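# Fold and geometry: a report
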2 protein chains.
Amino acid sequence: MHDHQRYFEDFRVGQRFESGGLTITEDAIIGFAAQWDPQPFHLDAEYARTKGHFGGLIASGLHTMCATLRLWLADRIFIDCTIGSPGVDEARFLKPVRPGDTLRVVTELLELRPSRSKPDRGSVKMRHTTLNQHGETVMTMDARVILRKRPA
Amino acid sequence: MHDHQRYFEDFRVGQRFESGGLTITEDAIIGFAAQWDPQPFHLDAEYARTKGHFGGLIASGLHTMCATLRLWLADRIFIDCTIGSPGVDEARFLKPVRPGDTLRVVTELLELRPSRSKPDRGSVKMRHTTLNQHGETVMTMDARVILRKRPA
């Protein structure tokens, strides 16, 4: 156990964490879309400008979710005590993410619940709010993660 | 307009679509994790085998979501009439996805709702069920997409 080791018991409802930033380039938007979400408004700048509903290329919602996870994990808040995640709820794509936007994530702990069946762990529900460089919320999503309790 | 062009009006609740398959290699699991979800049970086979809770490397839940979207889109069901997506609900990671697993997706249309404010479009809610090569459900998620109506 080193200085930064934290466990389920070390967190409380209402805690907030703010991430660093990640700039989403046009190349990254197109590269992500080509691999996972090949729809023309994510993939083809000319189509997006002339025929899309957003006036230009926008990032895949899953790209924004992935960027959100990466930014959250970079601060290593839960990194040594996470067992896994049972799921994600209510991902909402509220504003387009466009080439050159810089995203950051504010994370709030909404709920902490010890496991009833397994005494060595508990679950945390958190809300990630992803903002762009103008302070506009581009996405929110809730994630649940299972954390180890402090060894007896 | 070509033969395959479909619109909001061409779909109905209860329709089901089955995708092809995608095999998730160990390299793909580690590559995805390195970029988006660098947690040791996704990234480090030795850690995952000896210290993880799943007895070996498992894919990021977001990797499974991305693979699900790719498999769904490959059949181009909505490809020419999609405007965008407002969000994703209730992604549930039900069983681990391990190196070499081949995923496929069954998609069912749950709800079709014309827009009240915009007469040129409607929304569809669908459930993606992602299965492995043993027929086990590894993930479910619900997605909402906005579709164009047939031009008047």
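To start, this report covers the structure provided alongside it. Remember, it's a predicted structure, so these values are computed and weren't measured experimentally.

### A short note on the sheet that holds strand β3 (residues 101–114) of chain A
Read from one edge to the other, the open sheet built from 10 strands follows the order β1(A)-β3(A)-β4(A)-β5(A)-β2(A)-β2(B)-β5(B)-β4(B)-β3(B)-β1(B), with strand pairing classed as antiparallel. Sheet topology places β1 (16–24) of chain A together with β1 (16–24) of chain B at the edges, where each strand pairs with a single neighbour. Across this sheet, the average inter-strand angle for adjacent strands is 25°, counted without regard to direction. When β1(B) meets strand β3 (residues 101–114) of chain B, the two strands line up antiparallel, connected through 7 bridges. The partner of E18(B) across the bridge, within β3(B), is V106(B). Set on the sheet, helix α4 (residues 61–74) of chain A makes contact with β1, β2 (82–93), β3, β4 (121–131) and β5 (137–148) of chain A together with β2 (82–93) of chain B; between it and β1(A) the angle comes to about 125°.

### Description of the relation of the copies chain A and chain B
Of the two same-sequence chains, chain A is brought onto chain B (RMSD 0.0 Å, axial shift 0.0 Å) by a rotation of 180°. One copy is carried onto the other by what is essentially a two-fold rotation axis. If distances are taken from each C-alpha of chain A to the rotation axis, the shortest is found for D89(A), at 2.5 Å. Same-surface contact between copies: 100% of interface residues of chain A are shared with the interface of chain B.

### A closer look at the interface of chain A and chain B
Listed by partner, the interface residues are 25 residues for chain A and 25 residues for chain B. Residue assignment for the side of chain A that touches chain B shows that the elements contributing at least two residues are α4 and β2 of chain A. The biggest single contributor to the side of chain A that touches chain B is β2(A), with 12 residues. Tallied by class, residues from the side of chain A that touches chain B come to 13 nonpolar, 7 polar and 5 charged. One ladder, built from 4 bridges, connects β2(A) with β2(B); its direction is antiparallel. Paired with A91(A) across the strands is V88(B), a residue of β2(B).

### Regarding the environment of S123(A)
Residues and elements named next belong to chain A. With respect to the helices and strands, S123 occurs in strand β4. C-beta crowding within 10 Å serves as the criterion here: with 17 such atoms nearby, S123 is assigned to the partly exposed category. In the structure, S123 is positioned 75 residues away from A48 in sequence and 41 Å away in space, judged by C-alpha atoms. Contact partners of S123, with chain neighbours within four places excluded, come to R113, S115, R144, V145 and I146.

### Thoughts on the environment of Q133(B)
Residue and element names in this part refer to chain B. Relative to the helices and strands, Q133 resides in the loop between β4 (121–131) and β5 (137–148). The exposed category is assigned to Q133, around which 12 C-beta atoms lie within 10 Å. With 41 residues separating them in the primary sequence, Q133 and R92 have C-alpha atoms 18 Å apart.

### Overview of the packing of α4(A) against helix α4 (residues 61–74) of chain B
Close contact between α4(A) and α4(B) brings their axes to 11 Å; oriented N to C, the two are set at 170°. In terms of orientation, α4(A) lies roughly antiparallel with respect to α4(B). Every residue of α4(B) that contacts α4(A) at L62(A), M65(A), C66(A) and L69(A) is listed here: L62(B), M65(B), C66(B) and L69(B). The residue inventory of the contact of α4(A) with α4(B), partitioned by class, reads 8 nonpolar, no polar and no charged.

Calculation rules
Residues numbered from 1 in each chain as written. Chains lettered and ligands numbered in written order. Predicted model: local features only at pLDDT ≥ 70, side-chain atom pairs only at ≥ 80, totals over all residues. Pairing = 2+ DSSP bridges. Helix = DSSP H or I, 4+ residues; strand = E, 2+ residues; numbered from the N terminus. Axes fitted to C-alpha atoms, helices over the stretch in contact; angles between N-to-C directions. Contact = placed C-beta atoms within 7 Å. Least-squares fit on C-alpha atoms with pLDDT ≥ 70 in both. Nonpolar A, V, L, I, M, F, W, Y, C, P; charged D, E, K, R; others polar. Buried ≥ 20, exposed ≤ 12 C-beta atoms within 10 Å, placed from the backbone. Parallel < 35°, antiparallel > 145°, perpendicular 65-115°, else oblique.

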